[in-house]
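An overview of the molecular structure
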Amino acid sequence: MLTIIIPALLNVYVFIRQPVPQALALTIKQREVVHSGWDKPKRETMEAFFVRYQQYRDTAEIQGRFAWKWYYAFHLRGDMAVENLAKEYQSSLKARHDLVQHLNVLSVPVNVQGIFNAMAGSDLPSYLQFLQSATRYHDALREFYYPFCSTRWASPTLITPGNPNTVSPVLQTCLRR
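A brief look at the structure comes next. Remember, predicted model here, so these are calculated numbers, not experimental data.

**Some words on the overall build of the protein**
- Secondary structure assignment for the protein yields 8 helices and 0 strands.
- The N-to-C order of helical and strand elements in the protein reads α-α-α-α-α-α-α-α.
- Put simply, the protein has 177 residues, and 27% of those count as buried.
- When contacts within the protein are restricted to residue pairs at least 6 apart in sequence, those whose partners lie at least 24 apart make up 73%.
- Here the protein has roughly 11,800 Å² of accessible surface; of this, 61% comes from carbon and sulfur atoms.

**Re the environment of D98**
- Structurally, D98 is set in helix α5 (residues 83-103).
- A relative accessible area of 29% means that D98 is categorised as partly exposed.
- Residues D98 and Q18, 80 residues apart in the sequence, show an inter-C-alpha distance of 10.0 Å.

**Brief notes about the packing of aromatic side chains**
- As enumerated under the stated definition, the model contains 20 aromatic pairs in all.
- Both rings, one in F66 and one in W68, keep their centres 5.2 Å apart while their planes meet at 85°; by these two values the pair is edge-to-face.
- With a relative accessible area of 22%, W68 lands in the partly exposed category.
- For the pair Y71 and Y72, a centre-to-centre distance of 5.3 Å together with 75° between the ring planes defines the contact as edge-to-face.
- For the cation-ring pair, K42 lies above W70, with the distance from its terminal atom to the ring centre recorded as 4.5 Å.

**Regarding a nonpolar patch on the surface**
- Residues V108, V112, I115, F116 and M119 make up a contiguous nonpolar surface patch of about 510 Å² in total accessible area.
- Here V108 is to be found in helix α6 (residues 108-120).

**Some remarks on the nonpolar core**
- Grouped together as the largest cluster of nonpolar side chains are 14 residues, with contacts concentrated most on M46, F49, Y53, Y56, W70 and Y146.
- Every element with two or more residues in this core is listed here: α3 (42-52) and α4 (68-81).
- Considering every element that reaches this core, the biggest residue donor is α4, with 4 residues.
- In this structure, Y53 is in contact with L76, R142, E143 and Y146, ignoring residues within four places of it in sequence.
- Of all hydrophobic cores here, the second largest spans 8 residues; its members include Y89, L93, L124 and L131.

**Quick look at the layout of surface pockets**
- For the largest pocket, the calculated volume is near 810 Å³.
- Residue assignment for the lining of the largest pocket shows that the elements contributing at least two residues are α2 (23-36), α5 and α7 (124-151).
- With 8 residues, α7 is the single largest residue contributor to the lining of the largest pocket.
- Tallied by class, the residues present in the lining of the largest pocket amount to 9 nonpolar, 6 polar and 6 charged.
- Put simply, the second largest pocket is a space of about 500 Å³.
- In this structure, the second largest pocket is lined by 21 residues; those nearest its centre are H97, V100, Q101, N104 and V110.
- Listed by contribution, the elements that provide at least two residues to the lining of the second largest pocket are α1 (5-17), α5 and α6.

Rules behind the numbers
Residues numbered from 1 in each chain as written. Predicted model: local features only at pLDDT ≥ 70, side-chain atom pairs only at ≥ 80, totals over all residues. Heavy atoms only, no water. Helix = DSSP H or I, 4+ residues; strand = E, 2+ residues; numbered from the N terminus. Buried < 20%, exposed > 50% of the residue type's maximum accessible area, 1.4 Å probe, protein only. Contact = heavy atoms within 4.5 Å. Areas by Shrake-Rupley, 256 points an atom, 1.4 Å probe, with all protein chains shown as cover. Phe/Tyr/Trp six-rings, centres within 6.5 Å; stacked < 30°, edge-to-face > 60°. Lys NZ or Arg CZ within 6 Å of the ring centre and 35° of its normal. Patch = residues over 30% accessible without salt bridge, like charges linked within 9 Å, V, L, I, M, F, W, Y side chains within 5 Å. Salt bridge = Lys/Arg side-chain N within 4 Å of Asp/Glu carboxyl O. Core = buried A, V, L, I, M, F, W, Y, C linked by side-chain atoms within 4.5 Å. 1 Å grid on protein atoms, 1.4 Å probe; cavity = no way out; pocket = protein on both sides within 12 Å on 5 of 7 lines; lining within 4 Å. Points joined across faces, edges and corners; volume = space filled by probe spheres on them. Nonpolar A, V, L, I, M, F, W, Y, C, P; charged D, E, K, R; others polar.

If you want it as structure tokens, here you go:
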């Protein structure tokens, strides 16, 4: 009763009381926006990009069928399309965790499992910290690469280390490492 029935009933109660939106739906929506980016007018995509990154508004107009800055812009557009869903997902997970923390007193095995998960760093707060860390890292990558996209990669080129016509000195150094 204490090790199987009560934990199972608590799990069902938490599942019903604090539903969490499916992460799969969030991922599918982001992918749909990104994949549809190929079919959107480049100007429309770039305007959405410039809302967030106004400092690149004065960059050269996209010429030809492909440009790296346009490619990254429609990927950013996909991320922007699901920002609110991602925040809702994380806050729902946090609310579910808080509910479980309150119910832990009803079941020693559930409480002990929660303690072990926290000690191992595999509990929900650790997972949410990881998600925030990954978001910060992704944002830092964007901030590093976007200036290169706006100045050097107006059209597709073969990027080879040591070719000064295709890659900035800073990026050449990164490619050599």
